[in-house]
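# Geometric and topological summary
The lines below spell out each chain.
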Amino acid sequence: MDDDKPITEQAMETITTAVEATKDAAVTAVKKVRKAAKKVAKKVAPKKASKKKAKKASKKSSKKAAKKSSKKAAKKTATKAAKKTAKTTAKKATKSKKKARKAKR
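Residues numbered from 1 in each chain as written. Predicted model: local features only at pLDDT ≥ 70, side-chain atom pairs only at ≥ 80, totals over all residues. Heavy atoms only, no water.

### A word on the overall build of the protein chain
- A tally of helices and strands in the protein chain yields 1 helix and 0 strands.
- The proportion of buried residues among the 105 residues of the protein chain is 1%. (Helix = DSSP H or I, 4+ residues; strand = E, 2+ residues; numbered from the N terminus. Buried < 20%, exposed > 50% of the residue type's maximum accessible area, 1.4 Å probe, protein only.)

Below you can see the structure in the form of C-alpha cells.
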C-alpha cells in the first residue's frame, strides 16, 4: 500500500482489481463448463438417438416378421385346403367310377 494515496483510493483500487479478477475467473469458468457440457452432450446424444433408431427398427422388423408369418400361414392353409379338396374330389371320382362299374355288371 502506498502512503501517498488516501486509504479510500487504495481500497477502491484493490476492490476494482478483485472484481476484474473474479469477473475474468467467472468468464473462464463458464467457458470451460460450456465446453465440457458440449463434450458430454456429444457423447450422450448419439447414444440416445441410436437407441431410438434401434427401437424403431426393432418395431419395424417385428411388424415385417409378423406380416411375413401371417402371409406364410395363409399360403399354407390355402395350399392345404386345395390339396384336401383335390384329394376328396379324386376319392369321390374313383368311388363313383367303381359304382358305375358295379352297376354295369
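Moving on from the coordinates now.
### Thoughts on a nonpolar patch on the surface
- Taken together, the side chains of Met12, Ile15 and Val19 define a hydrophobic patch exposed on the protein surface, amounting to about 290 Å² of accessible area.
- Of note, Ile15 is situated in helix H1 (residues 7-104). (Patch = residues over 30% accessible without salt bridge, like charges linked within 9 Å, V, L, I, M, F, W, Y side chains within 5 Å. Areas by Shrake-Rupley, 256 points an atom, 1.4 Å probe, with all protein chains shown as cover. Salt bridge = Lys/Arg side-chain N within 4 Å of Asp/Glu carboxyl O.)

### Description of a positive patch on the surface
- Positive charge collects at one region of the surface, where Lys83, Lys87, Lys91, Lys95, Lys97, Lys98, Lys99, Arg101, Lys102 and Lys104 lie side by side.
- Assessed through its relative accessible area of 57%, Lys98 is described here as exposed. (Lys, Arg positive; Asp, Glu negative; His and termini not counted. Charge placed at Lys NZ, Arg CZ, Asp CG, Glu CD.)

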